[in-house]
Amino acid sequence: MNLYFNDLSKSYQGKTVFDTIHGAIHGGDKIGLIGANGKGKTTLARILAGQEVADAGEIRRSPAYGRIFYVEQYPMFNANVSVYEEIYRMASRDQNHSKDYPTMVKKTLNKVGLGEERWGQRAASLSGGEKTKLVLGKAMVCDFDLLILDEPTNHLDMNSYIWLEEFVQNLGQPLLMISHDRFFLDRVVNRIWHLTDQGLKVYEGNYSAYKMQRELERVSITKEYEKQQNQIQQLGQMIHQRKNWYKNAHQAAGQNDFYRSKAKKHASVLKAKERELARIEKNKIEKPKKALSPAFEVINKSIIGKKFPRFLVQVEKLCKSYGNKVLFQDISFNLGRQDKIALIGQNGVGKTSLLKTICHLDQDYRGTITINPSVKIGYFAQELDNLHSGSTILDEVLIEGSTVEETRLLLACLLFRGDAIYKKIANLSMGERGRVAFAKLILSGANLLVLDEPTNYMDIESKEKIEEVLEEFEGVVLFVSHDQYFIQRLANGIFQIENRKLYCYDGDYAYYLSKCKEQKGKEESGLDYTQLTDNIRRLECELAFLSGKLNEPLEQEEKARLNERFLATAKELRSNKDLLKGHK
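Described below are features of the structure shown in this document. If you're wondering where the values come from, they're calculated on a predicted model, not measured in any experiment.

### Observations regarding unusual backbone geometry
Then, number 1: In this chain, serine 62 is followed by proline 63 through a cis amide linkage whose omega measures 0 degrees.
Then, number 2: Mapped onto the elements of the fold, proline 63 is located in the loop between β4 (56-62) and β5 (68-71).
Then, number 3: You will see that asparagine 499, though not glycine, has its phi angle at about 55 degrees, which is positive.
Then, number 4: Along the chain, asparagine 499 falls in the loop between β17 (493-498) and β18 (501-505).

### Description of the packing of aromatic side chains
Then, number 1: Under the counting rule described, the total for this entry stands at 15 aromatic pairs.
Then, number 2: Geometrically, the ring pair formed by phenylalanine 5 and tryptophan 193 is edge-to-face, given 5.6 Å between the ring centres and 65 degrees between the ring planes. In this pair, phenylalanine 5 sits in strand β1 (residues 2-12) while tryptophan 193 sits in strand β8 (residues 191-196), placing the two residues 188 residues apart along the sequence.
Then, number 3: Here tryptophan 193 falls in the buried class, since its relative accessible area comes to 0%.
Then, number 4: Among the aromatic residues, those joined into a ring-pair cluster are Tyr84, Tyr88, Tyr101 and Trp119.
Then, number 5: Against the face of tyrosine 322 rests lysine 320, its NZ or CZ located 4.5 Å from the ring centre.
Then, number 6: It is arginine 435 that lies over the ring of phenylalanine 416; its NZ or CZ is 4.5 Å from the centre.

### Things to note about the side chain of glutamate 86
Then, number 1: Among the secondary structure elements, glutamate 86 is positioned in helix α2 (residues 83-91).
Then, number 2: Glutamate 86 sits in the buried class, given a relative accessible area of 12%.
Then, number 3: Not counting residues up to four positions away in its chain, the partners in contact with glutamate 86 are Phe77, Val81, Ala123, Leu134 and Lys138.

### Regarding the nonpolar core
Then, number 1: In terms of nonpolar packing, the biggest core is built from 121 residues, with Leu147 and Phe333 touching the most fellow members.
Then, number 2: Per-element accounting of this core gives the leading share, 6 residues, to helix α13 (residues 430-442).
Then, number 3: In this structure, Phe18, Ile47, Ile178 and Leu200 belong to the second largest nonpolar core, which totals 24 residues.

Here is what the cut-offs are and how they apply
Residues numbered from 1 in each chain as written. Predicted model: local features only at pLDDT ≥ 70, side-chain atom pairs only at ≥ 80, totals over all residues. Heavy atoms only, no water. Helix = DSSP H or I, 4+ residues; strand = E, 2+ residues; numbered from the N terminus. Phe/Tyr/Trp six-rings, centres within 6.5 Å; stacked < 30°, edge-to-face > 60°. Buried < 20%, exposed > 50% of the residue type's maximum accessible area, 1.4 Å probe, protein only. Lys NZ or Arg CZ within 6 Å of the ring centre and 35° of its normal. Contact = heavy atoms within 4.5 Å. Core = buried A, V, L, I, M, F, W, Y, C linked by side-chain atoms within 4.5 Å.

Now the structure itself:
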């Protein structure tokens, strides 16, 4: 199916969302639609899907009867329809009696991660992530010629995320997808649509290719701007000189025809130069906005020049349960200087609980958490419940004690420029509130940042500003995120909670993925590596903990006991690694 649109315009209550934009979708296209929040991405998607009507412009489909399936960001379901019925109704719409609809429905529900225990549940009562899974399941069983997805990766756990990636990659029909998930965009799209106030611009390739093209554009526009500014300056000087020449020549000419003719020539050249300047001014290139880089001294005000121990946090044999449900048990790890650790795992495995125990917000646990006295923890909660709705952005961040100049500089780095800093918290979007909460945290003097989904609700530009600040931050960061692009850019270590255990990977996200792939290959070969690798990871964490303890001032007897335990653990670790090599 091909779809074309020309001169589309849409306004709400007198406010223009977009004006006279045009574009096309062809067979084989997998398009990522990006842009800042509020620029009209969802509105455009709904118009193309036939869910809304444009104020002006035309849309053509080829063939004209091509079917579009639209997956909303917040899907709604009939209050009385079950999960099973929702998929069955979609699958059986074409009334093809040769199809085994019950088997198709069951396979689909299992594939999207909605097990049999959910089939009888009302679809409207599902969680946000489960609703997304259900509507994606509907896309699997229906016939369509164009698929439009609005933020499909929101709320998905890792297994569902991987399934969706494979589904989209294998899709034979064209796709238009709104997403702020740069990692997903990199892996599945072959074209980027960027919607801004200036219109819709098309870039070939995935998100990384788009970024490279944007940077080349910025360099090119900067050169053109500087060239035009030189022209304007030169013409201004020439016009000023010609005016003086004309004035003097006209006065000196008197009634002399020769000199009067010469003065007229000056006037003619002057008018030509003025017309040229007016033409350039009319087509003036807007000065490219210079991206403000985070101020290192402001971000690291409480860290510069201070000495910190090798390990700021040491955790040993930590266990956490809710009633009879065990989240994790006997986990041990250290957080060292300049660690930036991503904590990952399926929804519900206890990631937020682990963050809260470290911050002493939840003290109902077993095990030992040792935090060095030099550590000041800053905690970022998903709920953003530490903001005062009546305050302005500036006043809210100034609560943390920094100067107005420092605060304004950091806020500008986080996209709050000019009079925007006087907006009330109550009038901000969730993404804007997230940036305010983050600014407070950075200026709080914390040298250990514990972040729970810090980029939720944010568009791509906002995420990248948060990343830039965290890259400059010299302290320790432990963060939970589902944004794989964010993890890859920041993390120098990965902690994964799985099956109530903690697995530590001393490397970035690419290293973690390679290890997962290696492990999967080993498991598929039929050999049992699970027990060995579990033991090795556990022993490595324990060895790191003991190493940290032995660096502390201890009584002789205690040191001897820990040293003996360290040697025994190291011996057991070597033995397990030798066994693993023997299996290769």
